[in-house]
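Descriptive structure summary
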Amino acid sequence: MAQKVVDAVKAKFGDAVVATSSEHGDEVITVKRDKLLAIAAFLKDDPAMSFEVPVFVTAIDLAHWQPLGRRGAPDEGTRPAYDAEASDGLRFEVCYQLRSLKHRHRLRVKVQLKETDTKLPSLTPLWAGFNWQERETFDMYGIRFDGHPDLRRIYLYDEFVGYPLRKDYPKDKRQPLVRRPDLVGDH
Amino acid sequence: MLELITSKLEDAANWGRKFSLFSYPFVTACCGMEFMSVAAPKYDIARFGAEFPRFSPRQSDLLMIVGTITEKQGPALRRVWEQMAEPKWVIAFGVCASTGGFYQNYHAMPGADQVVPVDVYIPGCPPRPEQVLDALIMLQDRVQRGDGHSQIRLKREKIMLAAANAEE
Ligand code: SF4
């Protein structure tokens, strides 16, 4: 359905589109980071695209990633499990889901990021609705959105150290704010 | 003789307390639905004297911790408990409030008793209303015996004060 969107982006931006795929009927394009803003502006403003609705933004930690439904089964080679060397340090995928009410099509735009360099231009200036979601993505994965008006933690407290949804965050690590004084004190 | 009178007085006061628990529902999650069911006419917690939910901690003496407590809520919960009138009691309603339940992760507190002393724990996810009433009856027994956490603390403070005065 959104194949013509993919084709239009490819025709206009050529090399900036790294990969395209279709997942359960949703078109996905992976784009280069430095072209993300230009492509997003095109998707928003071009009358044939007019993606007005920012549906969500999130990130995927590709460490130990396995294709859905194939857990435990041998990997069929669509994407290998995370290996910093082999994947060239690629670690995160930031994922923007867009929707057009006018043309009734939708598109997912992905950008791949290295473990050592998690910066990305913010799309909040284009779609104000991404504001809090980018903050959440920052809060949970430590993705830094350049040009975001107010990039602070949104769910967790400022004292929290680290990013809990990264696969290398220990799953039982807790960072308490208060404890009963009679449990830790001298009673 | 004096001791006998004061202990009888204390018994009478405890009898009054156990049938007039003023609960403060600290409701954070899905267990709240079951709390409503207990409070509503079908199960009717009012039959046990815990009639009014008070939405100010200063007017209540029973803190009902209903639902998941996150680490971020810890300071707020502690503060609510500190503001409550003495003597006060705490019920942890549901496994989340008792132990963290199935949330064993970065954000959930492993039991509300990490920040406030809990008198009665109610297991269940969410607990049946009957369990809640059962817990309330257990709490009433505890109030009557005078061995709720805060009652014990008050007694200890009184004894320590008396000892300090005797030394002077
Ligand atoms: S114990 Fe179960 S029902 Fe109650 S708050 Fe936790 S998850 Fe929800």
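Residues numbered from 1 in each chain as written. Chains lettered and ligands numbered in written order. Predicted model: local features only at pLDDT ≥ 70, side-chain atom pairs only at ≥ 80, totals over all residues. Heavy atoms only, no water.

Details of the overall build of chain B
What chain B contains, in helices and strands, is six helices and four strands. Reading the secondary structure of chain B in the N-to-C direction produces α-β-α-β-α-β-α-β-α-α. Since a compact globule built from 168 residues should have a radius of gyration of about 15 Å, the 17 Å found for chain B is in line with a globular shape. Principal-axis analysis of the C-alpha atoms places the extent of chain B at approximately 50 × 35 × 25 Å. Counting all 168 residues of chain B, 45% fall into the buried class. Considering only contacts within chain B whose residues lie at least 6 apart along the sequence, 78% involve residues at least 24 apart. On chain B, roughly 8700 Å² of surface is accessible, and the fraction owed to carbon and sulfur atoms is 61%. Computed over 18 positive and 19 negative side-chain charges, the separation of the two mean positions in chain B equals 3 Å. (Helix = DSSP H or I, 4+ residues; strand = E, 2+ residues; numbered from the N terminus. Rg over C-alpha atoms; globule rule 2.2 N^0.38 Å. Buried < 20%, exposed > 50% of the residue type's maximum accessible area, 1.4 Å probe, protein only. Contact = heavy atoms within 4.5 Å. Areas by Shrake-Rupley, 256 points an atom, 1.4 Å probe, with all protein chains shown as cover. Lys, Arg positive; Asp, Glu negative; His and termini not counted. Charge placed at Lys NZ, Arg CZ, Asp CG, Glu CD.)

Notes on the nonpolar core
Of all hydrophobic cores here, the largest spans 40 residues; its most connected members are V9(A), L43(A), V94(A), Y96(A), V109(A), L120(A) and I143(A). Mapped by element, the contributors of at least two residues to this core are helix 1 (3-13), strand 2 (26-31), helix 2 (36-45), strand 3 (53-61), strand 4 (90-100), strand 5 (105-114) and helix 3 (131-141) of chain A. Here this core takes five residues from helix 2 of chain A, the largest share from any one element. Counting 22 residues, the second-largest nonpolar core is a separate cluster that includes F48(B), M64(B), V66(B) and V120(B). (Core = buried A, V, L, I, M, F, W, Y, C linked by side-chain atoms within 4.5 Å.)

Digging into the interface of chain A and chain B
Interfaces are often sized by the accessible area lost when the parts come together. The interface is formed by 21 residues belonging to chain A together with 18 residues belonging to chain B. Note on chain A versus chain B: buried area summed over both sides is about 1500 Å², and carbon and sulfur give 55% of it. In terms of surface lost to chain B, no three residues of chain A exceed R174(A), R179(A) and R180(A), which account for 40% of the buried area on that side. Taken together, the connections running from chain A to chain B amount to one salt bridge. Close ionic contact of E71(B) with R179(A) constitutes a salt bridge, the shortest N to O distance being 3.1 Å. Counting across the chain A and chain B interface gives seven residue pairs in polar contact (both at pLDDT 80 or more). Each residue belonging to the side of chain A that touches chain B can be placed in one class, and the counts come to 14 nonpolar, two polar and five charged. (Buried area = accessible area lost by both parts, 1.4 Å probe. Salt bridge = Lys/Arg side-chain N within 4 Å of Asp/Glu carboxyl O. Polar contact = N/O pair within 3.5 Å; in protein donor to acceptor, adjacent residues only side chain to side chain. Nonpolar A, V, L, I, M, F, W, Y, C, P; charged D, E, K, R; others polar.)

Looking at helix 2 of chain A
Structurally, the α-helix is built with 3.6 residues per turn, so residues lying three or four positions apart point the same way. Residues and elements named next belong to chain A. If you check which residues of helix 2 are buried, you get L36, I39, A40, F42 and L43. Mapping the buried residues of helix 2 onto a view down its axis gives an arc of 160 degrees, with all of them on the same face. Those residues of helix 2 that are buried are in contact with helix 1, strand 2, strand 4, strand 5 and strand 6 (119-121). (Arc of directions from axis to C-beta.)

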